[in-house]
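These are the residues of each chain, in order.
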Amino acid sequence: MTTCARQSHMRQLLVAAAMLVAGTLPAAAQFPESVQPSARVRVWLPEAQQQENGPWRRQQLRATVAGVGNDTLRLTVPGTAGTLAVARADISRLDVSRGTSRVASAFERALGFAVAGAMSTALRNNPGGSRWPSYDRDWRAAGEGAKWGAALGAVIGFVLPTERWGRVRLR
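Residues numbered from 1 in each chain as written. Predicted model: local features only at pLDDT ≥ 70, side-chain atom pairs only at ≥ 80, totals over all residues. Heavy atoms only, no water.

1. Structural notes on the sheet that holds strand S6 (residues 163-168)
The six strands lie next to each other as S4-S3-S2-S1-S5-S6, forming an open sheet whose pairing is antiparallel. At either margin of the open sheet sits one strand with a lone partner, and together these are strand S4 (84-87) and S6. When strand polarity is set aside, the average angle formed by the axes of neighbouring strands in this sheet is 45°. Alignment of strand S1 (residues 40-46) against strand S2 (residues 58-68), held across seven bridges, turns out to be antiparallel. Pairing of Arg 40 across the sheet is with Thr 64, part of S2. (Pairing = 2+ DSSP bridges. Helix = DSSP H or I, 4+ residues; strand = E, 2+ residues; numbered from the N terminus. Axes fitted to C-alpha atoms, helices over the stretch in contact; angles between N-to-C directions.)

As structure tokens, this is what we get:
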């Protein structure tokens with residue numbers, strides 16, 4: 001192979017490699033398939049100032065996706081007119097709603113209330129007292145508190161289900 005032919009062949013390989021790399025850049029910047037119009041999302045945006053009753057230096061925005069571009073997410077925020085455009089580079093975290101589940105909420109709340117009930121009843125246990133809890137052992141009081149806490153938590157979780165969120169990985 002002559003020197004000119006080698007150089008021509010190398011140029012062709014470099015051009016093909018450059019086209020391959022350039023072709024994958026826009027694909028990497030696209031949002032995942034789960035972020036589609038009409039999907040409910042929770043977007044975490046950076047915040048310069050710490051806000052009261054919120055995540056540390058982050059704004060949490062719940063909205064419905066109105067449109068998806070390569071580098072922009074257009075959102076419809078409840079209680080506002082029009083749409084809000086959020087740059088992909090500004091999003092620090094993105095979650096997509098999986099809806100609400102009464103059963104999952106009941107289990108989660110039952111577990112949390114059971115732990116809280118067990119701890120509070122064991123701490124308040126008075127073995128010689130006449131008011132509840134008055135068990136001879138703290139672990140028995142904890143067991144009884146866990147039962148009542150789990151029952152109460154399950155009812156609350158079933159009646160007032162919470163929204164389930166799935167994290168979306170942005171490349």
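That covers the picture; the talk isn't over yet.
2. As for the confidence of the model for the protein chain
Residues at a pLDDT of 70 or more form 81% of the protein chain, whose mean pLDDT is 85. Confidence drops under pLDDT 50 across residues 24-28; counting only partners more than four residues distant or on other chains, this segment forms three contacts. (pLDDT = per-residue confidence, 0-100. Contact = heavy atoms within 4.5 Å.)

3. Considerations on helix H3 (residues 138-159)
Within an α-helix, residues lying three or four positions from one another point in the same direction, as the helix has 3.6 residues per turn. Taking 1.5 Å per residue as the helical rise, H3 with its 22 residues ought to reach 32 Å, and the 31 Å between its terminal C-alpha atoms agrees with that figure. Residues Ala 141, Ala 142, Gly 145, Gly 149, Gly 153 and Gly 157 constitute the buried set of H3. End-on, the buried residues of H3 take up no more than an arc of 115°, which puts them together on one face. Structural note: H3 exposes Lys 147, Trp 148, Val 155 and Val 159 on the side pointing more than 90 degrees away from its buried face. (Expected span 1.5 Å × (residues − 1). Buried < 20%, exposed > 50% of the residue type's maximum accessible area, 1.4 Å probe, protein only. Arc of directions from axis to C-beta.)

4. A short note on the packing of aromatic side chains
Following the criterion strictly, the structure yields zero aromatic pairs and no others. Above the ring of Phe 31, the side-chain terminus of Arg 88 is found at 5.0 Å from the ring centroid. Positioned over the ring face of Phe 158 is Arg 102, at 5.5 Å from the centre of the ring. (Phe/Tyr/Trp six-rings, centres within 6.5 Å; stacked < 30°, edge-to-face > 60°. Lys NZ or Arg CZ within 6 Å of the ring centre and 35° of its normal.)

5. Let's talk about the side chain of Asn 125
As for its position among the elements, Asn 125 is in the loop between helix H2 (102-124) and H3. Overall, the relative accessible area of 10% leaves Asn 125 in the buried class. Side-chain polar atoms of Asn 125 contact the side chain of Asp 138, separated by 2.8 Å. (Polar contact = N/O pair within 3.5 Å; in protein donor to acceptor, adjacent residues only side chain to side chain.)

6. Some words on the environment of Arg 40
Here Arg 40 lies in strand S1. On the basis of relative accessible area, Arg 40 is assigned to the partly exposed category, the value being 30%. With 58 residues separating them along the chain, Arg 40 and Arg 98 place their C-alpha atoms 8.5 Å apart. Apart from the residues lying within four places of it in its own chain, the contact partners of Arg 40 are Arg 62, Ala 63, Thr 64, Asp 95, Val 96, Ser 97, Glu 163 and Trp 165.

7. Some details on the pattern of salt bridges
A complete count under the given rule lists five salt bridges for this structure. As a salt-bridge pair, Arg 40 and Glu 163 come within 2.8 Å of each other at their nearest N and O atoms. A residue pair is termed long-range when its members are at least 10 positions apart, and Arg 40 in strand S1 and Glu 163 in strand S6 qualify at 123 residues. Note that Glu 144 and Lys 147 form a salt bridge whose closest N and O atoms lie 3.5 Å from each other. Pair noted here: Glu 144 and Lys 147 are both in helix H3, with a separation of three residues, about one helical turn. Here the salt bridges share partners, and the residues they tie into one network are Arg 42, Arg 93 and Asp 95. (Salt bridge = Lys/Arg side-chain N within 4 Å of Asp/Glu carboxyl O.)

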